[in-house]
Amino acid sequence: MISAVFIYNQKGEVLISRLYRHDVKRSIADVFRVHVISSPGEIRSPVTTLGSTSFFHIRYDNLWVCAVAKNNSNAALVFEFLYRLLGLGVSYFGRFDEEAVKNNFVLIYELLDEVLDFGYPQNIEVDTLKLYVTTESIRSKNVVVDQQQPPQSITMQATGATTWRRNDIFYKKNEAFVDVIESVNLIMSAKGTVLRADVQGQIVMRSFLSGMPECKFGLNDKLVLDRETGSASSPGDGMGVATGGVRRLGARAGGMSGVGDGESVEIADCQFHQCVRLGRFDTDRTISFIPPDGEFELMRYRTTDNVNLPFKVLPVVRELGKARVEYEVLIKSNFSAKLAASNMVVRIPTPPNATKCRIKVAGTGKAKYIPEENAMVWRISRFQGLQEASLTAVVDLTHMTKPTPWVRPPINLDFQVLMFTASGLLVRFLKVFEKANYQSVKWVRYMTKAGSYEIRI
């Protein structure tokens, strides 16, 4: 497995050096610096193999984080460990950059001793590590200072079946918040044909539940609904309305504009947090788990069928000789009139030899020409559903000594739409079972944002 872990700054100076096996020496850090960090060429691969040694690296802020292996290691496992290590640093220090590493190098060495044993990844759960790898300024919020507490409790936490959660957590008000966040990716041709459309989503949960609750989570997954043969969900599994763009689980679905619409969704692939019981999901598609305390990512998923595109863009670009380009861009929103997109930015490319732009906006928002970006930027603070907005522009061009054809980059959109899912995914129910039999309140929020949303011109 992993023979060594190094952390460099952007100059190639070694900030952290930890060897786990005797098959590499400390001088191996210089090899990575010379062949990767100081290399004049472009670095295309995150894995560099020199002889029998492999270097797995990632860039984060102004740091290089590198793992070294001599044998044929599992690359996916090594990169998962490196990203978990970065998340651990962010959780401990608030940020993970050169300054944070220099100020907390002693604590980082302690963490590296705990998370790897002879090169094999061990427990990397933040809450568990904060129980016994801590300082005065960094301490788990769940730690209760009790001199009478037996040391075996920490051992049980670190080596038990549920290392991600302690069994003595207590809240006066038991709540669970679920955020369904989707990024919609689109490539559309100039004629309006969809060349590629997919949705990458994640379900983030914030759990404030006492004890060791057992949670069951239900989605409008196509396999589940087909198995149920159209039977209605039981009362209390749907969605009710609450304030602030958040909906409370507890009443039957009604008026859920842009979410679900009663149809099933076919999930192409999904990844789960380690707390999910995969055996039960494989047999009956039930997501059953004991949640960690606080915020965590429950699952990731991807869908490629029946993507509900929130916006349709109809561009018309005409090149009038070599001195002028005319633009007509029409944007239509395809979601319910009850919803609205926020922080919308439309970037419309212009030729590199553009000198002057005369822009006119009909509808909403403001647009201006930004020469350094070779684009017109149209900003719309709020775009209501089932509405249209248009932009017309005339761009003057200057003469070029070496004329080159304009490659026509695509129009790019950035936006956020609350209470709308491009995949149609719907949280059908979230049930909490605990031996104390307390009442819990569940909330859910949906948000769709732009991933790579491009329209060719």
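See the structure printed just above.
Model, not experiment: these values are computed from the prediction. (Residues numbered from 1 in each chain as written. Predicted model: local features only at pLDDT ≥ 70, side-chain atom pairs only at ≥ 80, totals over all residues. Heavy atoms only, no water.)

S.K.: Would you mind showing me how to read the layout of surface pockets here?
M.R.: It is a probe the size of a water molecule, rolled over the atoms, that shows where empty space is left. Roughly 1000 Å³ of volume is contained in the largest pocket. For the largest pocket, the lining is made up of 25 residues, of which Arg 84, His 273, Glu 295, Phe 296 and Glu 297 are closest to its centre. Contributing elements (two or more residues each) for the lining of the largest pocket: helix H2 (75–93), helix H5 (126–132), strand S13 (269–272) and strand S15 (294–303). Among the residues making up the lining of the largest pocket, the classes are represented as nine nonpolar, six polar and 10 charged. (1 Å grid on protein atoms, 1.4 Å probe; cavity = no way out; pocket = protein on both sides within 12 Å on 5 of 7 lines; lining within 4 Å. Points joined across faces, edges and corners; volume = space filled by probe spheres on them. Helix = DSSP H or I, 4+ residues; strand = E, 2+ residues; numbered from the N terminus. Nonpolar A, V, L, I, M, F, W, Y, C, P; charged D, E, K, R; others polar.)

S.K.: What should I look at first to understand helix H1 (residues 28–37) in this one?
M.R.: An α-helix turns once every 3.6 residues. As a result, residues three or four positions apart point the same way. By the burial criterion, the buried members of H1 are Ile 28, Ala 29, Phe 32, Val 36 and Ile 37. Along the axis of H1, the buried residues cluster in a sector spanning 115°; they form a single face. Buried-residue contacts for H1 involve strand S1 (2–9), strand S2 (14–19), strand S3 (47–50), strand S4 (53–60) and strand S5 (63–69). (Buried < 20%, exposed > 50% of the residue type's maximum accessible area, 1.4 Å probe, protein only. Arc of directions from axis to C-beta. Contact = heavy atoms within 4.5 Å.)

S.K.: Just checking my understanding: could you explain the nonpolar core for this structure?
M.R.: The tendency in soluble globular proteins is for nonpolar side chains to be buried side by side. Core analysis: the largest hydrophobic core is formed by 74 residues, its most contacted members being Ile 203, Phe 217, Phe 289, Phe 311, Leu 413 and Tyr 453. Among the elements that make up this core, the one with the highest residue count is strand S8 (residues 175–188) (six residues). When near neighbours in sequence (up to four residues on either side) are disregarded, Phe 217 contacts Val 178, Ile 203, Ile 287, Phe 289, Leu 298, Val 427, Phe 429 and Leu 430. Residues Ala 100, Val 101, Leu 111 and Leu 112 belong to the second largest nonpolar core, which totals 34 residues. (Core = buried A, V, L, I, M, F, W, Y, C linked by side-chain atoms within 4.5 Å.)

S.K.: What is the right way to read the environment of Val 329 from this model?
M.R.: Mapped onto the elements of the fold, Val 329 is located in strand S17 (residues 324–333). Separated by 12 residues in the primary sequence, Val 329 and Val 317 have C-alpha atoms spaced 8.3 Å apart. Setting aside its immediate chain neighbours within four residues, Val 329 contacts Val 313, Leu 314, Pro 315, Ile 348, Trp 378, Ala 389, Ser 390, Leu 391 and Ile 411.

S.K.: I'm lost on the sheet that holds strand S16 (residues 311–320) in this one. Help?
M.R.: Strand pairing in a sheet is mediated by backbone hydrogen bonds. Such pairs are either parallel or antiparallel. Across the sheet, four strands lie side by side as S16-S17-S22-S19; this open sheet has antiparallel pairing. The open sheet has two free edges, formed respectively by S16 and strand S19 (354–362), since each of these has just one partner strand. Neighbour-to-neighbour, the strand axes of this sheet turn through a mean angle of 15°, independent of strand direction. Pairing analysis gives 10 bridges linking S16 to S17, with the strands arranged antiparallel. Bridged to Val 316 within S17 is Glu 328. (Pairing = 2+ DSSP bridges. Axes fitted to C-alpha atoms, helices over the stretch in contact; angles between N-to-C directions.)

S.K.: Looking at this model, I keep getting lost on the pattern of salt bridges. Mind explaining?
M.R.: Where charged atoms from two side chains of opposite charge come close, those side chains can pair. By the definition in use, this model includes 20 salt bridges. For the salt bridge of Arg 300 with Glu 297, the shortest nitrogen-to-oxygen distance reads 2.9 Å. Residue classification places Arg 300 among the partly exposed residues on the basis of a relative accessible area of 44%. One connected set of salt bridges, linked through shared partners, spans Arg 95, Asp 97 and Glu 99. (Salt bridge = Lys/Arg side-chain N within 4 Å of Asp/Glu carboxyl O.)

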